[in-house]
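# Topology and contacts: notes
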Amino acid sequence: VQLQASGGGLVQAGGSLRLSCAPSGRTFSNYAMGWFRQAPGKERELVAAISWSGGSTYYADSVKGRFTISRDNAKTVYLQMNSLKPEDTAVYYCAVARSSTTSRVMRDYAYWGQGTLVTVSS
């Protein structure tokens, strides 16, 4: 099972990026998924999570109103990032939860993607 994250890159402050995460090997339509990020010298943190149905979402306070997580019925989960700030610079990872409901706890996520780098310049 692999999670392929894509969509990262270099963007100026105030710009937008859309990250995608597509599992291969199996589908995870019955499981919650999340996006985490890790900035240099900092711990990995949860940015956003979405339940299996898409009906429940969670956002970290630092991204509320700017980021939107979504998923399609097949496989892919997305993270639309608007009004980006330099402090959003990090490697972003997608992950699949062990259950259908959203979780803020890292150990509740079983599968992890390889990460995609987002760099926001000031």
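Quick caveat, the model's predicted, so the values are computed rather than measured.

### Here we look at the state of the cysteines
Enumeration according to the criterion identifies one disulfide in this entry. Here cysteine 21 pairs with cysteine 94 through a disulfide, and the sulfurs are 2.0 Å apart. In this structure, the disulfide formed by cysteine 21 and cysteine 94 twists by about 55 degrees around the S-S bond and is classed as right-handed. Separated by 73 residues along the polypeptide, cysteine 21 in strand β3 (residues 17-24) and cysteine 94 in strand β9 (residues 90-97) bring together distant segments of the chain. In this pair, the class of cysteine 21 matches that of cysteine 94, namely buried.

### Remarks on the sheet that holds strand β7 (residues 67-71)
Sheets are built from strands that pair by backbone hydrogen bonding, the pairs being arranged parallel or antiparallel. Taken together, the four strands give an open sheet; going across it, the order is β1-β3-β8-β7, and neighbouring strands pair in antiparallel fashion. The open sheet terminates on both sides in strands that have one partner only, identified here as β1 (2-6) and β7. Mean inter-strand twist for the sheet, computed between neighbouring axes without regard to direction, equals 15 degrees. Here β3 runs beside strand β8 (residues 77-81); their pairing, made up of five bridges, is antiparallel. Bridging from a neighbouring strand, serine 20 pairs with tyrosine 78 of β8.

### Remarks on the pattern of salt bridges
All chains considered together, the criterion is met by four salt bridges. Measuring nitrogen to oxygen at the nearest pair gives 2.7 Å for the salt bridge that ties arginine 37 to glutamate 45. Between aspartate 61 and lysine 64 there is a salt bridge, with its nearest N and O atoms 3.2 Å apart. Of the residues examined, aspartate 61 reaches a relative accessible area of 65% and is grouped as exposed. Several salt bridges converge on common partners, so that one network encompasses Arg37, Glu45, Arg66 and Asp88.

### Digging into unusual backbone geometry
What you tend to see is this: most non-glycine residues have negative phi, and most peptide bonds are trans. At serine 83, a position not held by glycine, the phi torsion is positive, near 50 degrees. Among the secondary structure elements, serine 83 is positioned in the loop between β8 and β9.

### Considering the nonpolar core
Core analysis: the largest hydrophobic core is formed by 28 residues, its most contacted members being Trp35, Phe67, Ile69, Leu79, Met81 and Tyr92. Among the secondary structure elements, those contributing two or more residues to this core are β1, β3, β4 (33-38), β5 (45-50), β7, β8, β9 and β11 (116-121). Excluding its chain neighbours within four sequence positions, the residues that come into contact with isoleucine 69 are Met33, Gly34, Trp35, Ala48, Ala49, Ile50, Thr57, Tyr59, Val77, Tyr78 and Leu79. Of all hydrophobic cores here, the second largest spans seven residues; its members include Phe36, Leu46, Ala49 and Tyr109.

### Some thoughts on the environment of glutamine 80
Within the secondary structure, glutamine 80 is located in strand β8. Separated by 33 residues in sequence, glutamine 80 and valine 47 have C-alpha atoms that sit 12 Å apart. With residues near it in sequence (within four places) discarded, glutamine 80 still touches Ser16, Leu17, Arg18, Arg66, Phe67 and Thr68. One polar contact links glutamine 80 to asparagine 82, side chain to side chain, over a distance of 2.9 Å.

Analysis parameters
Residues numbered from 1 in each chain as written. Predicted model: local features only at pLDDT ≥ 70, side-chain atom pairs only at ≥ 80, totals over all residues. Heavy atoms only, no water. Disulfide = S-S within 2.5 Å. Helix = DSSP H or I, 4+ residues; strand = E, 2+ residues; numbered from the N terminus. Buried < 20%, exposed > 50% of the residue type's maximum accessible area, 1.4 Å probe, protein only. Pairing = 2+ DSSP bridges. Axes fitted to C-alpha atoms, helices over the stretch in contact; angles between N-to-C directions. Salt bridge = Lys/Arg side-chain N within 4 Å of Asp/Glu carboxyl O. Core = buried A, V, L, I, M, F, W, Y, C linked by side-chain atoms within 4.5 Å. Contact = heavy atoms within 4.5 Å. Polar contact = N/O pair within 3.5 Å; in protein donor to acceptor, adjacent residues only side chain to side chain.

On their own, these measurements won't tell you what the molecule is for.
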